[in-house]
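Take a look at the letters that make up each chain.
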Amino acid sequence: MTTKRRDGLILVVALAAVMWVVEIIDRLDHGGLDRHGIQPRSLDGLQGVVAAPFLHASWSHLEGNTVPFVVLGAVIALGGLARVAAVTVIVVVVGGLGTWLIAPGHTVTIGASGAVFGYAAYLIGLGVATRRLLDFAIGVLVLVVYGTTLWLSLVPTTGVSWQAHVCGAIGGLVAVWIQGRNAAARRPVGPRDPLVI
C-alpha cells in the first residue's frame, strides 16, 4: 500500500474517531452540542456546515453513519489522501450549505449521513464520468449495496433530513465534476486532440 493511500485511510478513520469522541462529550453534556448543527438561513447556523457531520442524536444514529462513512470513505481513500480530503471538503461544504438553504426553518440538522450520501454519489458518478471498468464496477456495487437505502432515505420522514441527503449527494457529484475539470486542465492537449473552447 502506498503512503498516499495509507494516509487517506488514516484520515477517514480519524474523522470517524472524532465523531465518536464528540458523541462521548455530547452525552456527558446531555446532548448540548447538538444545538451547533445546521440551523437553516441563520448566520449563527452556518457553523453547523462544518460541525454537523460530527454531531449525532444518539449512539444508534452514530453507529448507522459510521459503517458506511468508513467503508465508502476507504474506497475513495484508495485514490490517495488528496482525493479523499478534497471529496470530503466539497461534500461537507456543498451539502451543508445546500441544507442550510433548503431545510425547514426552526430545525437543527446533525449527522454524517449527508457525507455518506456524498461519498456514495461520488463513487457512482465517478464510474459514469471516467468510464474506467474499475470505477464503473465500484459505482455499480455501491448502487447495488446502498441503492435501496439511498432511495428510501429521500422519502420525507419525521426527524430525518432528506435535504441533507439530497444536498450531500449533489456535493458528491460536484466533487466528480471539479476533479474532472482539474484533471482535464492538467492534461496537455495532443496534436490529435480537439481544442475545446
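Please refer to the structure higher up on the page.
Residues numbered from 1 in each chain as written. Predicted model: local features only at pLDDT ≥ 70, side-chain atom pairs only at ≥ 80, totals over all residues. Heavy atoms only, no water.

Section: the overall build of the chain
Looking only at helices and strands, the chain features seven helices and zero strands. Secondary structure of the chain in N-to-C order comes out as α-α-α-α-α-α-α. Over its C-alpha trace the chain gives a radius of gyration of 18 Å, about what one expects of a compact globule, namely 16 Å for 197 residues. Dimensions along the principal axes, computed over C-alpha positions, put the chain at roughly 65 × 35 × 30 Å. Per-residue burial over the chain gives 40% buried out of 197 residues. (Helix = DSSP H or I, 4+ residues; strand = E, 2+ residues; numbered from the N terminus. Rg over C-alpha atoms; globule rule 2.2 N^0.38 Å. Buried < 20%, exposed > 50% of the residue type's maximum accessible area, 1.4 Å probe, protein only.)

Notes on the nonpolar core
Considering soluble globular proteins, one finds that nonpolar side chains tend to be buried as a cluster. Of all hydrophobic cores here, the largest spans 27 residues; its most connected members are Phe69, Leu72, Ile76, Val87, Tyr119 and Tyr122. Elements with a minimum of two residues in this core: α1 (3-28), α3 (59-77), α4 (81-102), α5 (113-130), α6 (133-152) and α7 (162-186). Among the elements that line this core, the one with the most residues is α5, at eight residues. Residue contacts for Tyr122: discarding those within four places in its chain leaves Ile76, Arg83, Val87, Gly172, Ala175, Val176 and Gln179. (Core = buried A, V, L, I, M, F, W, Y, C linked by side-chain atoms within 4.5 Å. Contact = heavy atoms within 4.5 Å.)

Observations regarding the packing of α3 against α5
Across the interface, α3 lies against α5 with an axial gap of 9 Å and an inter-helix angle of 35°. In terms of crossing hand, the pair formed by α3 and α5 is left-handed. Side by side, α3 and α5 meet where Asn65, Pro68, Phe69, Leu72, Gly73, Val75 and Ile76 of the first sit next to Ser113, Ala115, Val116, Tyr119, Ala120, Tyr122 and Leu123 of the second. Within the contact of α3 with α5, the residues separate by chemical class into eleven nonpolar, three polar and no charged. (Axes fitted to C-alpha atoms, helices over the stretch in contact; angles between N-to-C directions. Left-handed = near helix turned anticlockwise from the far one by under 90°. Nonpolar A, V, L, I, M, F, W, Y, C, P; charged D, E, K, R; others polar.)

Quick notes on α3
The end-to-end C-alpha distance of α3, which contains 19 residues, comes to 26 Å, matching closely the 27 Å that a straight helix rising 1.5 Å per residue would cover. Burial in α3 covers these residues: Leu62, Asn65, Thr66, Pro68, Phe69, Leu72, Gly73, Ile76 and Ala77. Where α3 is buried, its residues touch α1, α4, α5 and α6. (Expected span 1.5 Å × (residues − 1).)

Focus on unusual backbone geometry
Positive phi is not limited to glycine here, since Arg41 has a value of about 55°. The residue His106 is not glycine, and still its phi comes out positive at about 60°. Positionally, His106 belongs in the loop between α4 and α5. Exposure remark for His106: the relative accessible area of 89% places this residue in the exposed category.

A closer look at the side chain of Thr66
Summarising the element assignment, Thr66 is placed in helix α3. Residue Thr66 is classed as buried on the basis of its relative accessible area, which comes to 13%. Beyond its immediate sequence surroundings of up to four residues, Thr66 is in contact with Ala16 and Trp20.

Notes on the environment of Gly172
Summarising the element assignment, Gly172 is placed in helix α7. For Gly172, a relative accessible area of 0% corresponds to the buried category. Leave out the neighbours within four places in its chain, and Gly172 touches Val91, Gly118, Ala121 and Tyr122.

A word on the pattern of salt bridges
Applying the stated criterion across every chain, the model contains five salt bridges. Linking Glu23 and Arg27 is a salt bridge whose minimum nitrogen-to-oxygen distance equals 2.7 Å. One end of the pair is Glu23 and the other is Arg27, both in helix α1 and four residues apart, which spans about a single turn. On the accessibility criterion, Arg27 (30% relative accessible area) is partly exposed. (Salt bridge = Lys/Arg side-chain N within 4 Å of Asp/Glu carboxyl O.)

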